[in-house]
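Letter by letter, the chains look like this.
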Amino acid sequence: HKLCEDCYKEDLAVRRAEGEIHRNAYYGMDPERILFFDLELTGFYARDEIISITVVNGAGELIMDTLVKPEHTKKWKKTEKIHGITPEMVENFPLLTDITPEIKRIFENADRIIAYGVSTDYSHMKYIYDTEAEREAFHAKTRCCANEFVRYAHENRPDIDHASLIDAMKCFDIEWRGVPHSSIADTFACRDVWDRLFPNYYKTEEKA
C-alpha cells in the first residue's frame, strides 16, 4: 500500500497478531474426519486427467493411495518429468470411474478436505459429482493449505518469495516422507505443514 516504513511495521504487527489468533485458535476437529489429499495429473489444464490420488486423515492414516489409468490421454511427457508416472505404470490400474464411488464415500464422511492449492485439485475432483449441489457440498468442505501458508509468510517471513509446498516444508524445517511431487509425499507434506500452521486444530481429551 506504499506505506512508510514505520506505518508498514505497525500494519504488519496488527496483521501478524490477527493471524496468530486465527492459527492458534482451538478448532476441536476430529482428526479422523479431516482429510488431506493430492492428485497427480496428465497435464496442467482442466481437460487433463487424474493419474494418481492419495488421501490421508488428520491422524496420519493412509485412506487411499492409488495410480489411476486415464480414459483418453495416452502420454504426458511434460508432467511425467515432474511426478515420474509413466503410461506403462498406470496400465493395470483402475479408471477414475471405477473408484469414484469409493472416493465419494471417503469424502462424504469428512468434515474438512484440505489440499495444497486446493483450487487446482477441486477443478478436477468436481467432475466425479453429477450435480451442482453435490459439487457445492464438496467445495464447502475444502480448505487451502497454500493460502494459509501465504498468509503466514506475509505476516512472519516476508523474505520468502515463493509459496510452493517445497518452500513451506523448508520454512518449517520438515523432512519429506517420500519423493516430492508424488501424490503420497505431497499429501503427507500438506498435512505436516497444516499441523505447523494450526497446532490446536484437533480436539483434545481435556477440551472434548
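Residues numbered from 1 in each chain as written. Predicted model: local features only at pLDDT ≥ 70, side-chain atom pairs only at ≥ 80, totals over all residues. Heavy atoms only, no water.

When you line up the elements, I103 lands in helix α4 (residues 96-108). For I103, a relative accessible area of 1% puts it in the buried group. Taking the C-alpha atoms as reference points, I103 and M64, separated by 39 residues in sequence, lie 8.4 Å from one another. I103 has contacts with I53, M64, L96, M125 and I128, leaving out every residue within four places of it along the chain. (Helix = DSSP H or I, 4+ residues; strand = E, 2+ residues; numbered from the N terminus. Buried < 20%, exposed > 50% of the residue type's maximum accessible area, 1.4 Å probe, protein only. Contact = heavy atoms within 4.5 Å.)

The subject of this paragraph is the side chain of T142. Along the chain, T142 falls in strand β5 (residues 142-144). Of the polar contacts made by the side chain of T142, one reaches the backbone oxygen of H139; its length is 2.7 Å. Beyond its immediate stretch of four places on either side in the chain, T142 contacts I113 and V118. (Polar contact = N/O pair within 3.5 Å; in protein donor to acceptor, adjacent residues only side chain to side chain.)

Under the defined criterion, the tally for this structure stands at 11 salt bridges. One salt bridge connects E132 with R135, and the closest N-O pair in it is separated by 4.0 Å. One end of the pair, E132, and the other, R135, are both in helix α6 (residues 132-141), 3 residues apart, so they sit about a helical turn from each other. (Salt bridge = Lys/Arg side-chain N within 4 Å of Asp/Glu carboxyl O.)

This paragraph deals with the sheet that holds strand β2 (residues 50-57). A sheet is described by the order of its strands in space; here 5 strands give the open sequence β3-β2-β1-β4-β5, paired in mixed fashion. Among the strands making up the open sheet, the edge pair consists of β3 (62-67) and β5. Taking the axes of each pair of neighbouring strands and ignoring which way they run, one obtains an average angle of 25° across the sheet. By the bridge criterion, 5 bridges tie β2 to β3 in an arrangement that is antiparallel. Paired with I53 across the two strands is T66, which belongs to β3. In the packing of helix α5 (residues 118-125) onto the sheet, the strands contacted are β1 (34-41), β2, β4 (112-115) and β5, and the crossing angle to β1 comes to about 75°. (Pairing = 2+ DSSP bridges. Axes fitted to C-alpha atoms, helices over the stretch in contact; angles between N-to-C directions.)

Another point: the environment of R15. Within the secondary structure, R15 sits in helix α1 (residues 5-24). When its relative accessible area of 28% is taken as the criterion, R15 is described as partly exposed. Separated by 141 residues in sequence, R15 and N156 have C-alpha atoms that sit 9.6 Å apart. Residue contacts for R15: discarding those within four places in its chain leaves Y8, H154 and E155.

Within β1, 8 of the 8 residues are buried, which leaves it mostly tucked inside the rest of the structure. The two faces of β1 match: I34, F36, D38 and E40 on one face and L35, F37, L39 and L41 on the other face are all buried. Here β1 pairs with β2 via 7 bridges, running antiparallel. Across the sheet, residue L35 finds its bridge partner in β2, namely N57.

Take it as geometry only, folks, not as evidence of what the structure does.
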